[in-house]
Amino acid sequence: MSIEDIDTDQIIPARFLKATTRDGFGENLFRDWRFNKDNTVKSEFPLNNKSYSGSILVAGRNFGCGSSREHAAWALADYGFKVVISSFFADIFKGNALNNGILPVQVSDGVLAQLIAKTEADPTTEITVDLINQCIYCGEIKADFEVNSYKKKCLENGYDDIDYLVSIKDKIEAYERQAITI
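In this text, all values refer to a predicted model and were calculated from it rather than measured experimentally. (Residues numbered from 1 in each chain as written. Predicted model: local features only at pLDDT ≥ 70, side-chain atom pairs only at ≥ 80, totals over all residues. Heavy atoms only, no water.)

Draft legend 1. Seen up close, the pattern of salt bridges. Counted by the stated rule, this structure contains seven salt bridges. Measuring nitrogen to oxygen at the nearest pair gives 2.9 Å for the salt bridge that ties Arg69 to Asp9. Within this pair, whereas Arg69 is found in the loop between β3 (63-65) and α3 (70-79), its partner Asp9 is found in helix α1 (residues 8-11), the two being separated by 60 residues in sequence. Judged by relative accessible area, Arg69 falls into the buried class, the value being 13%. Its relative accessible area of 36% is what places Asp9 among the partly exposed residues. Between Asp144 and Lys142 there is a salt bridge, with its nearest N and O atoms 3.7 Å apart. (Salt bridge = Lys/Arg side-chain N within 4 Å of Asp/Glu carboxyl O. Helix = DSSP H or I, 4+ residues; strand = E, 2+ residues; numbered from the N terminus. Buried < 20%, exposed > 50% of the residue type's maximum accessible area, 1.4 Å probe, protein only.)

Draft legend 2. Examining the sheet that holds strand β5 (residues 103-106) more closely. Taken in spatial order, the three strands of this open sheet run β2-β4-β5, and their pairing is parallel. A strand with exactly one partner marks an edge of an open sheet, and here the two such strands are β2 (56-58) and β5. Between one strand axis and the next, the sheet turns through 20 degrees on average, direction left out of account. Direction of pairing for β2 relative to strand β4 (residues 83-86): parallel, over a ladder of three bridges. Paired with Val58 across the bridge in β4 is Ile85. (Pairing = 2+ DSSP bridges. Axes fitted to C-alpha atoms, helices over the stretch in contact; angles between N-to-C directions.)

Draft legend 3. Fine view of the pairing of β4. Neither face of β4 is left uncovered, since the one carrying Val83 and Ile85 and the one carrying Val84 and Ser86 both have all their residues buried. Both β4 and β5 contribute to a ladder of four bridges, which runs parallel. Bridging across to β5, Val84 finds its partner in Pro104. Handedness of the crossover is the feature at issue here: the chain leaves β4, passes through helix α4 (residues 91-99), returns alongside β5, and the resulting connection is right-handed. (Right-handed = clockwise from strand over helix to strand, strands pointing away.)

Draft legend 4. The arrangement of the layout of surface pockets in detail. Considering only enclosed or pocket space, the largest pocket measures out at about 670 Å³ in volume. What lines the largest pocket is a set of 32 residues, and nearest its centre among them are Leu47, Tyr52, Ile56, Leu57 and Val58. Breaking the lining of the largest pocket down by element, the ones donating at least two residues are β2 and α5 (109-121). Across the lining of the largest pocket, the residue classes break down as 19 nonpolar, ten polar and three charged. Size it by volume and the second largest pocket reaches roughly 180 Å³. As for the second largest pocket, its lining consists of Arg22, Leu98, Asn99, Asn100, Gly101, Lys151, Cys154, Leu155, Gly158, Tyr159, Asp160 and Asp163. Residue assignment for the lining of the second largest pocket shows that the elements contributing at least two residues are α4 and α6 (149-157). Among the elements that line the lining of the second largest pocket, the one with the most residues is α6, at three residues. The residue makeup of the lining of the second largest pocket, split by class, is four nonpolar, four polar and four charged. (1 Å grid on protein atoms, 1.4 Å probe; cavity = no way out; pocket = protein on both sides within 12 Å on 5 of 7 lines; lining within 4 Å. Points joined across faces, edges and corners; volume = space filled by probe spheres on them. Nonpolar A, V, L, I, M, F, W, Y, C, P; charged D, E, K, R; others polar.)

Draft legend 5. Representation of the nonpolar core. Ranked by internal contacts, the top residues of the largest apolar core, which has 24 residues, are Ile11, Phe30, Phe63, Leu76 and Phe93. Those elements giving two or more residues to this core turn out to be β3, α3 and α4. The biggest single contributor to this core is α3, with five residues. Setting aside residues no more than four positions away along its own chain, Ile11 makes contact with Ile6, Asn28, Leu29, Phe30, Phe63, Gly64, Ala72, Leu76 and Phe93. (Core = buried A, V, L, I, M, F, W, Y, C linked by side-chain atoms within 4.5 Å. Contact = heavy atoms within 4.5 Å.)

Draft legend 6. Molecular detail of the environment of Asp160. Position of Asp160 relative to the elements: it lies in the loop between α6 and α7 (161-167). Judged by its relative accessible area of 36%, Asp160 falls in the partly exposed class. For the pair Asp160 and Asn99, spaced 61 residues apart in sequence, the C-alpha separation works out to 6.4 Å. Within the structure, Asp160 has its side chain in polar contact with the backbone nitrogen of Ile162 (distance 3.0 Å). (Polar contact = N/O pair within 3.5 Å; in protein donor to acceptor, adjacent residues only side chain to side chain.)

This is the structure in structure tokens:
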């Protein structure tokens, strides 16, 4: 199932945005697609099929459009996703994902179509995302992707922005000492 133009309200509907912490949003990820109005599971939705598992979401084109809802990234992370692959991401979503430890991997429309076809044909298809070399592999499919070098370092080390600053505290202090003596 490939759905395009997935906006942040589809990722996490607005009625679930009452919490102020990042926990618990995963249970309502794609809520209106995963569940019927009476809260019964829609068995045809891929996330409700145990054959589809893992920490990589292969999404349709234009993922994360709509409002600048950081909760969308929170919901994906809380559900267990570490990577989202699409052929286009909304800029604000991309930033929110990176700030919350999720790697948005942008590939061509052709590569995305191949990945979707492979995973639909065989839900156990393995996709490898190599952050260090900025490449994904899936059988004969190989695609490079771009990621901001700062955000790459944060993802490699599990840092948020504050953790990164703490990691370079010595350099900051050395600079401050130098600046004071000049």
